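# Structure at a glance
Read off the chains here:
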Amino acid sequence: MKACEHRPKEMQQLCVSLVPIFNHLQPNEMFEIAKATTHAQYARNEIIYGAGDHPAHLYIVHRGRVKIYLLSESGKEQLIRILEPGDFMGELALFTETMFDHYAVAMENTEICVLRRTELQAFLLKYPAISLKILEEFGRRLDKTEKLLSSVTSEGTEKRIAAYLLELAAGQNEQTITLPMAKKDLASYLGTTPETISRKLAEFQEQGWLEQTGQRKIQLQNIQALQEV
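Residues numbered from 1 in each chain as written. Predicted model: local features only at pLDDT ≥ 70, side-chain atom pairs only at ≥ 80, totals over all residues. Heavy atoms only, no water.

Going by an unreviewed UniProt entry, the protein carries the name Crp/Fnr family transcriptional regulator and comes from Lederbergia ruris.

Right, here's the structure in full:
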């Protein structure tokens, strides 16, 4: 069960300063927003909100990680995204009172900053630049979703896995990458099965394209071969 607690103002400001939609503001402006936030803690696998809940808050990941997923009628998860510290969710609270169609679940012990709809809307009126930053984030998410949908419907599993590894390497700016999720979640995200993920990674390793050096660590050894899959 989640436990809410108020933190010192410095901690609240740190949480707000992590978020791209707020960190362009002046320190005193961020501090004003930080004072309006509360905090909640969630244990691993605890649901933050679920399908059927009404959006009434903006949730900011302060510590930990959160997965966003849809649940089919058969009970199968379709992973949408993984949120890291500084990412936000529940943005529907800004624009609509319709119910959520997805779930947000803590992947590990996680701390969330919470900002109520009414307070957030007041800040949007006071600091209009926040709206532009939110629209930028919406655009990035839409672009990523469209690329994933196109990949799942038009590309083979091998190419999807290779493309995902290359995307991670670019994002982490390293050839030794760390998978941000378990193979079960990665399979859900890429529209395949954990067994297929394991088999393809083993095949890539046999061909000298990569080396699995730990539970989730992978060293990419032939970038060009992965690009040509």
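## As for the nonpolar core
With 30 residues, the main nonpolar core has Tyr-164, Leu-165, Leu-190, Phe-204, Ile-218 and Leu-220 as its most contacted residues. Within the residue set of this core, elements represented by two or more residues are strand S6 (77-83), strand S8 (103-106), helix H5 (157-172), helix H6 (183-190), helix H7 (194-206), strand S12 (217-220) and helix H8 (223-227). Leaving out residues up to four positions away in the same chain, Leu-190 has contacts with Leu-148, Val-152, Arg-160, Ile-161, Tyr-164 and Ile-197. Formed by 22 residues, the second largest nonpolar core is a distinct cluster that contains Leu-58, Phe-88, Phe-123 and Ile-130. (Core = buried A, V, L, I, M, F, W, Y, C linked by side-chain atoms within 4.5 Å. Buried < 20%, exposed > 50% of the residue type's maximum accessible area, 1.4 Å probe, protein only. Helix = DSSP H or I, 4+ residues; strand = E, 2+ residues; numbered from the N terminus. Contact = heavy atoms within 4.5 Å.)

## A short note on the state of the cysteines
With the rule as written, the count across this model stands at one disulfide. Between the sulfur of Cys-15 and that of Cys-113 lies a disulfide, 1.7 Å long from S to S. Between Cys-15 and Cys-113, the disulfide has an S-S torsion of 135° and is therefore right-handed. Taken together, the residues span a long stretch of sequence, with Cys-15 in helix H1 (residues 9-17) and Cys-113 in strand S9 (residues 110-116) at a distance of 98 residues. (Disulfide = S-S within 2.5 Å.)

## A closer look at the side chain of Arg-117
Looking at the element boundaries, Arg-117 is found in helix H3 (residues 117-126). A polar contact of 2.9 Å, which involves the side chain of Arg-117, links it to the backbone oxygen of Pro-55. (Polar contact = N/O pair within 3.5 Å; in protein donor to acceptor, adjacent residues only side chain to side chain.)

## Examining H6
Of all the eight residues making up H6, six are buried; the element is thus mostly covered by neighbouring parts of the structure. Among the residues making up H6, those that are buried are Asp-185, Leu-186, Ala-187, Ser-188, Tyr-189 and Leu-190. Next to the buried residues of H6 lie strand S5 (66-71), S6, helix H4 (129-154), H5 and H7. Just downstream of H6 lies Gly-191, where phi reads positive at about 70°.

## A word on the sheet that holds S5
A sheet is described by the order of its strands in space; here four strands give the open sequence S3-S8-S5-S6, paired in antiparallel fashion. Looking at strand neighbours, the two that pair on one side only are strand S3 (47-49) and S6, the edges of this open sheet. With direction set aside, neighbouring strand axes in the sheet form an average angle of 30°. Where S5 and S8 come together, four bridges link them in antiparallel fashion. Along S8, the bridge assignment pairs Tyr-69 with Tyr-103. (Pairing = 2+ DSSP bridges. Axes fitted to C-alpha atoms, helices over the stretch in contact; angles between N-to-C directions.)

## Notes on the sheet that holds strand S10 (residues 176-178)
Taking strand neighbours across the sheet as the criterion, the three strands line up as S10-S12-S11 in an open arrangement whose pairing is antiparallel. Both outer strands of the open sheet, S10 and strand S11 (210-212), are each paired with one neighbouring strand and no more. Within the sheet, the average angular offset between the axes of one strand and its neighbour, ignoring direction, is 25°. When S10 meets S12, the two strands line up antiparallel, connected through three bridges. Bridged to Ile-177 within S12 is Ile-218. Strands S10, S11 and S12 of the sheet are contacted by H5, whose axis makes an angle of about 100° with S10.

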